[in-house]
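Structure at a glance
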Amino acid sequence: MVTRRALIGGFVGLALASAGYATGAFREARKQAQGRLLGRSSAIDTGLGPLEYAVAGDGPPLMMIHGTGGGFDQGLLFAAKIRERGFRIIAPSRFGYLGSAFPADASPPQQADILVALLDHLGIDRLPVLGGSAGALTAAEFALRHPGRCSHLGLLVPAANLTNRDPVEFTWLQRLAVRAVLGSDFWFWSLLRLTPAQLMRTLLATDPALLDTVSTEEQRRAQAILEQLFPISRKINGLQNDGHWAGAPSPTAYERIAVPTLIVSCEDDLFGTAGTARLLADRIPGAELMIFPSGGHIWLGRDDTVADLVKGFVGTEGDGM
């Protein structure tokens, strides 16, 4: 007969072994994440600190500004299909993300202004600028403040408070859970392994049931977007900054944007960007609007279509060299 002491000892041993395995697996995951980022980006010195960026592809340049939780790697992933259509992708890491600085003023206008230094460094006079999610705030400010450097503006699933009410309102329990997850690499990694569907719904604002309706390639893209959020510790300042600016009433004078503008969203985006997209289309003169019936916040199943839309919208005028 197994004694209580032996049974308890067995459970303790199993728990310790599981904890040891989890710790080792977590360290290996962190090592792999660092390896994924290593050597893929460069940085320029600015008066506000370093600005990280990556360049990929051949052809006319196009800037892709990443969303919340991203970095240059998310920008490259968001623009992967656009790159296949013959564009050279310029993907910066915004303030507070990965290797970029986090100055006292990390507002969207300041983020937009610092991107001029990047274009000057790369010798690019004018190019199309796309912004995804919270990155749309920076993209819009860039088009508004530097129209001579921006040939076209693309706002993909744009995050903005245009009604004096935050489009993404969490309950206190949801806010507590999100703060706990985003405050710890280990907790985020653990939940990524245990409850990826819940993270996809909460952080990517996309119904995980959509995964069963799309291609294997699109399933892999969704998984890559989710996994690229790790390590979350290198993005905390950017996440908090985005939360503030996306939730606060937007000060951007959208009605003064004078460059050709394309706005794209999905009706089932759990962050409510379809409503925001419609309001933006009403405010930005001559803006083109495309809202898909499904796809969530990462336009799942629509990546090729979005790339075709962008190519048709931009044409060959992105060549700003």
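Everything below is about the structure shown above.
Please read all numbers here as calculations on a predicted model, not as lab measurements. (Residues numbered from 1 in each chain as written. Predicted model: local features only at pLDDT ≥ 70, side-chain atom pairs only at ≥ 80, totals over all residues. Heavy atoms only, no water.)

This paragraph deals with the packing of aromatic side chains. Enumeration over the complete set of coordinates arrives at six aromatic pairs. Ring plane angle 55° and centroid distance 5.1 Å describe the contact between Phe 78 and Trp 299, whose orientation is recorded as tilted. Taken together, the positions of Phe 78 in helix α2 (residues 72-78) and Trp 299 in the loop between β8 (288-292) and α12 (303-314) put the pair 221 residues apart, joining distant regions of the chain. Residue Phe 78 is classed as buried on the basis of its relative accessible area, which comes to 8%. (Phe/Tyr/Trp six-rings, centres within 6.5 Å; stacked < 30°, edge-to-face > 60°. Helix = DSSP H or I, 4+ residues; strand = E, 2+ residues; numbered from the N terminus. Buried < 20%, exposed > 50% of the residue type's maximum accessible area, 1.4 Å probe, protein only.)

An order of β1-β2-β4-β3-β5-β6-β7-β8 is seen for the eight strands of this open sheet, with the pairing classed as mixed. This sheet does not close on itself; its edge strands, each paired only once, are β1 (42-46) and β8. This sheet shows a mean twist of 20° between the axes of neighbouring strands, independent of strand direction. In terms of strand pairing, strand β7 (residues 261-266) meets β8 through five bridges, oriented parallel. (Pairing = 2+ DSSP bridges. Axes fitted to C-alpha atoms, helices over the stretch in contact; angles between N-to-C directions.)

Another point: the pattern of salt bridges. For the structure shown, the criterion picks out 13 salt bridges. The salt bridge involving Arg 94 is made with Asp 242; its shortest N-O contact spans 2.8 Å. With Arg 94 in the loop between β4 (88-92) and α4 (108-122) and Asp 242 in helix α10 (residues 236-247), this pair connects stretches of sequence that are 148 residues apart. Note on Asp 242: relative accessible area 4%, which makes it buried. The network of salt bridges with common partners includes Lys 81, Glu 84, Arg 85, Glu 217, Asp 304 and Asp 308. (Salt bridge = Lys/Arg side-chain N within 4 Å of Asp/Glu carboxyl O.)

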